[in-house]
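Chain by chain, the residues:
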Amino acid sequence: MIKVKNNKMRMTLALFLLPALLIYILFQIVPLIGAVFFSFMEWNGIGGSALQFVGVKNYIGAFQNPDFILSLKNMFKMVVFSVLFHTPIALVMAAVINTKCKGYRIFKALFFVPTVFPLTAVGLMWYFVFMPTGVFNSFLKVIGLGGAAQAWLVNPATAMNTIVFVNIWAGVGYYMVILLAGLTTISEDVYEAAAIDGANKLQCFFQITVPMLKPTIAMCILMDIIGSVKVFDLVFAMTGGGPNGLTNLPTTLMYNEAFKYSHYGLGSAIGIIIMVICLAGTMLSNKLTSKKNDE
């Protein structure tokens with residue numbers, strides 16, 4: 001009787017998971033297999049046109065392409081600055097809000113609002129802020145710094161830095177909420193005991209809060225690395241990869257090669273390289289985190 005019930009439960013569980021599994025296979029596994037297949041082909045992306053097997057030529061061509069190398073440098077810059085600023089700023093904000101200071105609910109909502117909007121909308125908003133006749137340059141002129149006004153998204157010296165800044169601004173609220181949830185798991189008794197021993201708020205932060213949030217911080221860093229590698233819509237909305245491809249990331253270059261220049265094989269190869277970079281970043285982050293936990 002128990003065996004029959006177990007079989008029914010397994011069948012029910014299988015039927016419950018089947019729709020999600022089918023959706024995952026259809027929209028994740030099948031496109032991935034297709035991308036791997038086309039990355040070894042020379043194809044213009046037009047149905048009915050000839051497919052030519054070229055082996056690893058697309059992968060070699062990608063690494064011989066100066067635009068791809070530049071996009072990797074931009075991606076590395078995006079990842080480094082995101083990791084350096086996202087989690088530390090979010091941690092400080094979460095710690096301050098967790099003190100339940102006056103108006104903390106309003107600040108919590110305001111900081112989280114940018115994460116609610118699609119990155120495309122965020123990119124368009126900041127495009128109008130940083131355009132030559134935009135809000136930022138107008139503000140500089142009002143306060144007497146008109147000489148510093150420039151085309152922030154066109155000037156090669158400032159275009160990528162501006163996108164990095166917007167990416168940091170857009171993501172801080174998301175990691176703040178995650179860290180705030182982590183802070184709620186730390187018992188107040190720990191802080192009370194530390195206060196009795198004479199520890200001040202700064203010592204409590206570095207000796208209690210940060211060590212006890214290490215797993216959450218590690219998760220934020222891992223998500224930040226993967227998210228920064230996959231950034232597409234922000235760059236696409238703000239610069240489209242310009243000027244002259246100087247703000248391209250591998251994701252935008254992949255899009256341009258596949259759909260703009262009809263180099264579908266090369267675009268697929270770049271997509272697979274992005275996936276490998278994400279996997280490598282995940283494995284490296286997990287290895288470093290587990291090593292620190294062991295210590």
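Here the structure is a predicted model, which means the values were calculated and not measured.

**Re the overall build of the protein chain**
And then number 1: Across its full length, the protein chain holds 13 helices and two strands.
And then number 2: Compactness check: the protein chain gives a C-alpha radius of gyration of 24 Å against a globular reference of 19 Å for 295 residues, more than 25% above the reference.
And then number 3: A buried classification covers 36% of the 295 residues belonging to the protein chain.
And then number 4: Within the protein chain, counting contacts between residues at least 6 apart in sequence, those at least 24 apart form 65% of the total.
And then number 5: Computing the positive centroid from 19 side-chain charges and the negative centroid from 11, the protein chain places the two 7 Å apart.

**Topic: a nonpolar patch on the surface**
And then number 1: Nonpolar side chains collect at one region of the surface, where Met11, Leu15, Leu18, Leu21, Leu22, Tyr24, Ile25 and Val30 lie side by side and expose about 760 Å² of accessible area between them.
And then number 2: If you trace the backbone, methionine 11 turns up in helix H1 (residues 2–38).

**A short note on the packing of helix H3 (residues 66–98) against helix H7 (residues 159–183)**
Between two packed helices, the angle of one axis relative to the other and the distance separating the axes together describe the packing.
And then number 1: For the pair H3 and H7, interaxial distance at closest approach is 6 Å and the crossing angle is 40°. Our classification of the angle between H3 and H7 gives oblique. In this structure, the crossing between H3 and H7 has a hand that is right-handed.
And then number 2: Its residues assigned to classes, the contact of H3 with H7 shows 20 nonpolar, eight polar and one charged.

**Considering the packing of aromatic side chains**
And then number 1: One pass over the full model with this rule turns up 22 aromatic pairs.
And then number 2: Plain terms: the ring middles of tryptophan 126 and tryptophan 169 are 5.2 Å apart, the flat faces sit at 75° to each other, and that makes the pair edge-to-face. Highlighted residues: tryptophan 126 in helix H5 (residues 119–130) and tryptophan 169 in helix H7, separated in sequence by 43 residues.
And then number 3: For tryptophan 169, a relative accessible area of 34% translates into the label partly exposed.
And then number 4: Among the aromatic residues, those joined into a ring-pair cluster are Phe37, Phe38, Trp43, Phe232, Phe236, Tyr255, Phe259 and Tyr264.

**Looking at unusual backbone geometry**
And then number 1: With an omega dihedral of 0°, the bond running from glycine 242 to proline 243 counts as a cis peptide bond.
And then number 2: Here the phi dihedral of serine 262 falls at roughly 60°; this positive angle occurs in a residue that is not glycine.
And then number 3: Position of serine 262 among the secondary structure elements: in the loop between helix H12 (250–260) and helix H13 (264–294).

**As for helix H2 (residues 57–64)**
And then number 1: Every buried residue of H2 is accounted for by Asn58, Tyr59 and Ala62. Along H2, the residues classed as buried sweep out an arc of 100° about the axis, all on the same side. Among the exposed residues of H2, those pointing more than 90 degrees away from its buried face are Lys57 and Gln64.

Criteria and thresholds
Residues numbered from 1 in each chain as written. Predicted model: local features only at pLDDT ≥ 70, side-chain atom pairs only at ≥ 80, totals over all residues. Heavy atoms only, no water. Helix = DSSP H or I, 4+ residues; strand = E, 2+ residues; numbered from the N terminus. Rg over C-alpha atoms; globule rule 2.2 N^0.38 Å. Buried < 20%, exposed > 50% of the residue type's maximum accessible area, 1.4 Å probe, protein only. Contact = heavy atoms within 4.5 Å. Lys, Arg positive; Asp, Glu negative; His and termini not counted. Charge placed at Lys NZ, Arg CZ, Asp CG, Glu CD. Patch = residues over 30% accessible without salt bridge, like charges linked within 9 Å, V, L, I, M, F, W, Y side chains within 5 Å. Areas by Shrake-Rupley, 256 points an atom, 1.4 Å probe, with all protein chains shown as cover. Salt bridge = Lys/Arg side-chain N within 4 Å of Asp/Glu carboxyl O. Axes fitted to C-alpha atoms, helices over the stretch in contact; angles between N-to-C directions. Parallel < 35°, antiparallel > 145°, perpendicular 65-115°, else oblique. Left-handed = near helix turned anticlockwise from the far one by under 90°. Nonpolar A, V, L, I, M, F, W, Y, C, P; charged D, E, K, R; others polar. Phe/Tyr/Trp six-rings, centres within 6.5 Å; stacked < 30°, edge-to-face > 60°. Arc of directions from axis to C-beta.

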